[in-house]
Amino acid sequence: MDYRELAADLLKMARSAGADAADLLVAEGTEFSVTVRQGEVETLKEAGSKGLGIRVFVGKRTASSYTSDFSRPALQHLVEETVGMARATGEDEAAGLPDEMIPPEDVDLALHDPSPAALPTEERIERARKGEAVALGTPGITNSQGASWGSGESSLLLANTMGFMGGYRTSSVSLSVVPQAELDGQMERDYWYTTGRGLEDLETPEQVGRIAAERTLRRLGAQQVATCQAPVVFDPDTAAELMGALFSALSGYAVFRNATFLKDRVGQEVASPLLTLVDDGRMFRGLGARPFDGEGLPTRRNVPVERGMLGFYVCDSYAARKIGGTPSGSARRGLGGGPGVGAGNLFFEPGATSPEEIIGSVERGLYVTDLIGFGVNVVTGDYSQGAVGRWIEKGKLTHPVHEVTIAGNLNEMLKDVDAVGNDLVFRGSSASPTLRVRRMTISGS
């Protein structure tokens, strides 16, 4: 359904109710998910949803509301109530729509692929079964916590009183497998997944099941290591978590709230020259791509950190006004509340070294394959997380490691990255190649 006429009517209604400016978001979508365990369907869900969120400004006062009731009386009441709430709030000089708008661009990012929705339900279930069966058929795998298939489609319309009105459709599909293994009373599990816009983006169910089993089996026989300082190699998944912490520290909101160790660091070296951070809001078929951001500004390819140098903070209009910056097309929002800053397709640019070469040059160190807990403080940069992985001895991966903690400070860790892998692969909206940090504290037995 095209909600353009409804959006135009509600914006006029907001003006009539006393709003000086307003924007609104209409979202509609369908969702399918199934989980198979031991070959049997455990859960199956198919659902549809729609909602509308409106944000109004009365001078420098603002309020927002959302609803799933699209009846005319309900929407009129929503608009009037939201304007009334805005009048009751305090003024905020940074509040408001973007200073300038341009019409939505006609850009094809291939965000919608009809193939997942066209796949028969039985075939979706069968693909989950195949993935789990391959994992369960791997010697050493003793059980399964299930295989899941998920897919969905959504449409979004954004409009405001500055004349902007734009929309787009998206699709997504994923398959994951979680096998379990046991050795000498020690139980381990791991997982693997594949995701994309359409069926052609996915690894085969057999590949997903095989990799999930391999990842689980490599955790068997894990032991602690003695506390030491040594190089730490982050595999792509754990390196992406480190990258996410860096992106959080680059948010304009973190800057004006004095909640980032990177405050007042623009123009300075904040990381190794080997590190370049890219946030590409227009990556073709990217799961984080979209033609415009949460307030209607064009998305773009942002490079906030280039060869270790901090160039700018990522901002929406509000954060930009607060810190004297520039909006970077990074606004993200849901139906309720105003925008915030979020990533599109986030990645570290790959290097020229293979993961095998990176590991092979480590005399003694830790190869990290999983991180546990939330021990990252972007205010101070302090970093301390539980880790699982493999011990490196004379350039070779040896026994599995668990129950250790790796610690440092992001200020030093980012500068101490001395190797970047050539293994950048997207399996979501963020990705990183393998990274090696020259030295960290590894706390074990």
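In the block above lies the structure referred to throughout.
A brief report on the enclosed structure follows. Starting afresh in each chain, residues are numbered from 1 along the sequence in its written order. This being a predicted model, a pLDDT of at least 70 is required before a residue's local features are given, and a value of 80 or more before pairs of side-chain atoms are given or counted; all residues contribute to the totals for chains, interfaces and linings. To obtain the side-chain values, all non-hydrogen atoms of the structure were used and water was disregarded.

1. Thoughts on the side chain of Gln385
Selection criterion: Runs of E in the DSSP output that reach at least two residues are strands. Runs of H or I that reach at least four are helices, and both are numbered from the N terminus. Any pair of N or O atoms that falls within 3.5 Å is considered a polar contact. Within protein, one atom must be able to donate a hydrogen and the other to accept it, and sequence-neighbouring residues count only if both atoms are side-chain atoms. Throughout, a residue-residue contact means that at least one pair of heavy atoms, one from each residue, lies within 4.5 Å.
Relative to the helices and strands, Gln385 resides in strand β16 (residues 382-393). Within polar-contact distance, the side chain of Gln385 engages the backbone oxygen of Gly373 at 2.9 Å. Side-chain polar atoms of Gln385 contact the side chain of Tyr383, separated by 3.0 Å. When residues no more than four places from it in sequence are discounted, the contact partners of Gln385 are Leu371, Ile372, Gly373, Phe374, Gly375, Val376, Val404, Thr405 and Ile406.

2. Let's talk about unusual backbone geometry
For clarity, the cut-off: Here the term buried applies to any residue with accessible area under 20% of the maximum for its type, exposed to any over 50%, and partly exposed to those in between, with areas from a 1.4 Å probe on protein chains only.
Phi is positive for Asp184, close to 50°, though the residue is something other than glycine. Along the chain, Asp184 turns up in the loop between β5 (165-183) and β6 (186-189). Classification of Asp184 by relative accessible area gives exposed; the value is 78%. Phi is positive for Asp264, which is not a glycine, with a value near 60°. Inspection of the secondary structure assignment puts Asp264 in the loop between α7 (252-256) and β9 (277-280).

3. Points about the environment of Ala213
Summarising the element assignment, Ala213 is placed in helix α5 (residues 205-217). Separated by 72 residues in sequence, Ala213 and Ile141 have C-alpha atoms that sit 6.8 Å apart. Setting aside anything within four residues of it in sequence, one finds Ala213 in contact with Ala135, Thr138, Ile141 and Pro179.

4. A few points about the sheet that holds strand β19 (residues 430-431)
Put simply, the rule is: By definition, two strands form a pair when at least two bridges between them are found by DSSP. Angular values range over 0 to 180 degrees, each being the angle between N-to-C directions of two axes fitted as lines to C-alpha atoms, with helices fitted over their stretch in contact.
Pairing is mixed across the open sheet formed by five strands, whose spatial order is β11-β10-β9-β14-β19. Of all strands in the sheet, those bounded by a partner on one side alone are β11 (309-310) and β19. Pairing geometry for β9 and strand β14 (residues 345-348), over four bridges, is antiparallel. Bridged to Asp280 within β14 is Asn345. Helix-sheet contacts for helix α6 (residues 236-249) involve β9, β14 and β19, and the interaxial angle to β14 is about 110°.

Function cannot be inferred from these measures alone, as they are strictly geometric.
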